[in-house]
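Single-letter residue listing:
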Amino acid sequence: MTVHKHDIAHRLIDAAFHRKATTPLTDDHPDLDVETAYEVQNAVVQARVDGGAAIIGAKLGLTSAAKQKQMNVTEPLYGWLTDDMQLDTGETLVCSKYIQPRCEPEVAFLLAHDLEGPHVLAAHVIAATALVFPAIDILDSRFAGYKFTGPDVIADNSSCAGFVFGGQGIDPRGIDLRLIGCTFEKNGVLLATAAGAAVLGHPASAVAWMVRRMAERGQGLRAGQVVMAGALTEAVAVSPGDTVVARFDRLGTVELPCR
Amino acid sequence: MSVSLSSEQAQMFGDALYDARRTGIPIPAFTDDLPELGMEDGYAIQQHLVSRLLADGETICGYKLGLTSAPMQQLLGVDSPDFGPVFASTVYRDGAELPVDRFIAPRIEAEIAVILDRSLSGPHCTPANAYSATRGLAASLEIVDSRIKDWKIKLADTVADLASNGAIALSSLVVPIDDFDPRLVGMVFSKNGEVIASGAGAAALGDPLAAVAWLANTLAPMGITLPAGSVIMTGALHAMVPVAPGDVFRADFDRLGPITIRMASE
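Computed from a prediction, not measured in an experiment: that's the story for all the values here.

Draft legend 1. Geometry of the sheet that holds strand E10 (residues 243-248) of chain A. Residues and elements named next belong to chain A. The sheet built from four strands is open, its strands ordered E7-E6-E10-E11 with antiparallel pairing. Single-partner strands in this sheet number two, and they are strand E7 (189-195) and strand E11 (252-257). Across this sheet, the average inter-strand angle for adjacent strands is 15 degrees, counted without regard to direction. Sheet topology note: the E10/E11 ladder contains six bridges and is antiparallel. Bridged to Val-244 within E11 is Leu-256.

The following block contains the structure:
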């Protein structure tokens, strides 16, 4: 492998810092593979941590079969959330802080216990979870026009840029997250509907998949961390003046105004 | 919009659809030769077709709405849904095996069915009125089918063809709307055990109860009241899926439970 991980990590870090999109890494490094891409991701995340940010959780991407097919990959991917990405409930998204922000509705988990290891199942995820929340994931690809391959987006920390939770969390025990209905609207117009099964059949299964993959790389999740379990619908681009709203049966509503 | 067909033409086209239903041989779209045909023409043809089927002893047990999603409306260039009657002879129960030879080019979609407790009529029916008249919701599947060759339909064609209704399957569990929002009821659709789509109630006109109100208001000028007990198929919660012999389809609804049908092997 002739890829210089730190060089290409810096390309992504600079793109985020200057809010100027770059071209796919795989244009210059066609041999960039998934494992190397995760090493680049680690370097990108470490740069944020070195700059004073704290890791507060993780997110899944490409959790739908349709998206995986479109990206020519056979499994989802994940990235790390840092505290400089979080918006608190009711906060406004400032679009100028991003390159090309997009939003998507997700089920989010707040962990009560550590979650790690190669044998974690959906059941362990539910048992380790304090509360589940309605959430909006804010993506911001550092690649122009969201044009990338699987390894590109992994290296780019899975387009992680921000997230916000709704103000109502509930205990996941006793509800079937697979069947939870969701509507996603922008400026009062319904964009899409879905149910929890849109992410790998069950949001907790998606989280379990991620934890098992993390274990292969010596990583895991800690109590108090949050997990964004993957998009239930297509992402939508947002601009100043837009408001996106995700409503979930049983979980409640999350709203994100943009300026 | 106005009717451009003479009543003789409407009868002739209705007869052609009647024969296509009988023989299983699809016919060319009416709009191939008469592209100016619109929604009113479609309903004029539908009315004739329905009167012939009623004369054969069929009974109407409810209605289906079609074109309830923005993508379908855009595809056919309309900004409203359409409707057709549901005949009692085309209603199947949960777990039923459906004969494939009953259909020409079947496709399937999962829907929320609204069962009325009281009669409901327009023209000023609101979703709240619909709620008051509703006994409950039921998990349902609709087989849509086209008596028009290769589904090459425009608006007037599908309206004439009973809004492309083929058959429905209805859960026996009718769940009162009590402390939940029909718009947010989640649904997971699988074919032969594989999840292929999901959706929520809002996919049908934004609200299944708004769909019922729209139907009551649309039927009012025709002098039709929805009777108590009517089954209203409020519209697909996902893009329709092709059907092949031997396929098993299951829609699992939050709050309402599952419904499964099997297509017979040929």
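Draft legend 2. Spotlight on the sheet that holds strand E8 (residues 186-191) of chain B. Residue and element names in this part refer to chain B. Read from one edge of the open sheet, five strands run E4-E13-E12-E8-E9, paired in mixed fashion. The open sheet has two edge strands, strand E4 (97-98) and strand E9 (194-200), and neither has a second partner. Taken together, the five bridges between E8 and strand E12 (residues 248-253) define a ladder with antiparallel strand orientation. Bridge assignment links Lys-191 to a residue of E12, and that residue is Phe-249.

Draft legend 3. The packing of helix H1 (residues 7-23) of chain B against helix H3 (residues 39-55) of chain B, seen in detail. Residues and elements named next belong to chain B. In contact at an axis separation of 8 Å, H1 and H3 are set at 55 degrees when each is read in the N-to-C sense. Compared by their axis directions, H1 and H3 come out oblique. Note on packing geometry: the crossing formed by H1 with H3 is right-handed. Taken together, the residues of H3 that come into contact with H1 (itself represented by Ala-10, Gln-11, Phe-13, Gly-14, Leu-17 and Tyr-18) are Ala-44, Ile-45, His-48, Leu-49 and Arg-52. Taken together, the residues that form the contact of H1 with H3 break down as seven nonpolar, three polar and one charged.

About the criteria used
- Residues numbered from 1 in each chain as written.
- Chains lettered and ligands numbered in written order.
- Predicted model: local features only at pLDDT ≥ 70, side-chain atom pairs only at ≥ 80, totals over all residues.
- Pairing = 2+ DSSP bridges.
- Helix = DSSP H or I, 4+ residues; strand = E, 2+ residues; numbered from the N terminus.
- Axes fitted to C-alpha atoms, helices over the stretch in contact; angles between N-to-C directions.
- Parallel < 35°, antiparallel > 145°, perpendicular 65-115°, else oblique.
- Left-handed = near helix turned anticlockwise from the far one by under 90°.
- Contact = placed C-beta atoms within 7 Å.
- Nonpolar A, V, L, I, M, F, W, Y, C, P; charged D, E, K, R; others polar.

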